[in-house]
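Understanding the architecture of this molecule
Below are the chains, spelled out letter by letter.
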Amino acid sequence: MEEDNEVGLPQKGLNMIIKEVVPEMRIANEAREMINQCCVEFVKHVSREAQNISSHDQRKTIYHEHVQRALYNLGFPPDYVEAADSVLGECKVAAEKKLRRKNSRLDKCGIPEEELYMMQQKLIEQARLQQERQAAMQAGSSAEVPQPQLFNQPAPTDLDDEYDV
């Protein structure tokens, strides 16, 4: 690919796919480039057919059913379409797992989202005040910048009451 703005698969991803399929073979750069361009043309070809099908269905969005029908219309065998469906299913499962993992981390921390937001805002304010103090010290000013209270800390007597019997 001569120009930087040309469309294609990332070189690293393409290399990984080729090595997976033919690990014992070396591939010339021209052949690798040609494979990349074939991939682009394949995507364009299937997309155009899927777009025609979605337009025929009076839809403005191409759905996976349109892509399935496009593959059939273009002469791909049923097992190829089934393999594509299988990959789509795997992608959906992986996306759901990623979302659940993200949400479970937030749930496991045990702090409500609103409180986390407030803590974040206090940290930002603390950093801003610290930056102001450093700037004032560098400027030679002895003006006192107030120290922020990051978290509500109980009074010392509150701590003592907890252990009284």
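Per an unreviewed UniProt entry, the chain carries the name Protein Dr1 and comes from Mesorhabditis spiculigera. Of the comments in the UniProt record for the chain, the one headed Subcellular location (unreviewed entry) reads "Nucleus". Its UniProt record gives the chain a comment under Sequence similarities (unreviewed entry), which states: "Belongs to the NC2 beta/DR1 family."

Our focus in this paragraph is the side chain of Arg32. Along the chain, Arg32 falls in helix 2 (residues 29-56). Lacking a salt bridge, the buried Arg32 has Glu30 as its closest oppositely charged neighbour, with an N-O distance of 9.3 Å. Within polar-contact distance, the side chain of Arg32 engages the side chain of Asn15 at 2.7 Å.

In this section: the nonpolar core. Of all hydrophobic cores here, the largest spans six residues; its members are Val46, Ala50, Ile53, Ala70, Leu71 and Val81. Counting residues per element, this core draws most heavily on helix 2, which supplies three residues. Excluding its chain neighbours within four sequence positions, the residues that come into contact with Ala50 are Ile62, His66, Val67 and Ala70.

All right, on to helix 3 (residues 64-73) then. Taken residue by residue, helix 3 has His66, Ala70 and Leu71 as its buried positions. All buried residues of helix 3 project into a common sector of 140 degrees when viewed along the axis, lining one side. In the stretch just after helix 3, Gly75 is the one whose phi turns positive, near 95 degrees.

Turning our attention to a nonpolar patch on the surface. A cluster of nonpolar residues, Leu9, Ile17 and Val21, forms a patch on the protein surface that exposes about 270 Å² of accessible area. Its location among the elements puts Ile17 in helix 1 (residues 11-21).

A surface patch of like charges, here positive, comprises Lys97, Lys98, Arg100, Arg101 and Lys102. Relative to the assigned elements, Lys97 resides in helix 4 (residues 78-108).

With that out of the way, let us pick up unusual backbone geometry. Despite not being glycine, Gln58 has its phi angle at roughly 60 degrees, a positive value. Checked against the element boundaries, Gln58 lands in the loop between helix 2 and helix 3. Residue Gln58 is classed as exposed on the basis of its relative accessible area, which comes to 74%.

A few words now on the packing of aromatic side chains. Tallied over the entire structure, the rule returns two aromatic pairs. When the ring of Phe42 is compared with that of Phe76, the centres are 5.7 Å apart and the planes differ by 85 degrees; the resulting orientation is edge-to-face. Here Phe42 is found in helix 2, whereas its partner Phe76 is found in the loop between helix 3 and helix 4, with 34 residues between them in sequence. On the accessibility criterion, Phe42 (32% relative accessible area) is partly exposed. Seen in terms of ring centroids, Phe76 and Tyr80 are 4.8 Å apart; in terms of plane orientation they differ by 25 degrees. Their pairing is stacked. When its relative accessible area of 24% is taken as the criterion, Phe76 is described as partly exposed. Aromatic rings pair up to connect Phe42, Phe76 and Tyr80 into one cluster.

Definitions and limits used
- Residues numbered from 1 in each chain as written.
- Predicted model: local features only at pLDDT ≥ 70, side-chain atom pairs only at ≥ 80, totals over all residues.
- Heavy atoms only, no water.
- UniProt positions renumbered as here; feature names shortened; annotations may be inferred.
- Helix = DSSP H or I, 4+ residues; strand = E, 2+ residues; numbered from the N terminus.
- Buried < 20%, exposed > 50% of the residue type's maximum accessible area, 1.4 Å probe, protein only.
- Lys, Arg positive; Asp, Glu negative; His and termini not counted.
- Salt bridge = Lys/Arg side-chain N within 4 Å of Asp/Glu carboxyl O.
- Polar contact = N/O pair within 3.5 Å; in protein donor to acceptor, adjacent residues only side chain to side chain.
- Core = buried A, V, L, I, M, F, W, Y, C linked by side-chain atoms within 4.5 Å.
- Contact = heavy atoms within 4.5 Å.
- Arc of directions from axis to C-beta.
- Patch = residues over 30% accessible without salt bridge, like charges linked within 9 Å, V, L, I, M, F, W, Y side chains within 5 Å.
- Areas by Shrake-Rupley, 256 points an atom, 1.4 Å probe, with all protein chains shown as cover.
- Charge placed at Lys NZ, Arg CZ, Asp CG, Glu CD.
- Phe/Tyr/Trp six-rings, centres within 6.5 Å; stacked < 30°, edge-to-face > 60°.

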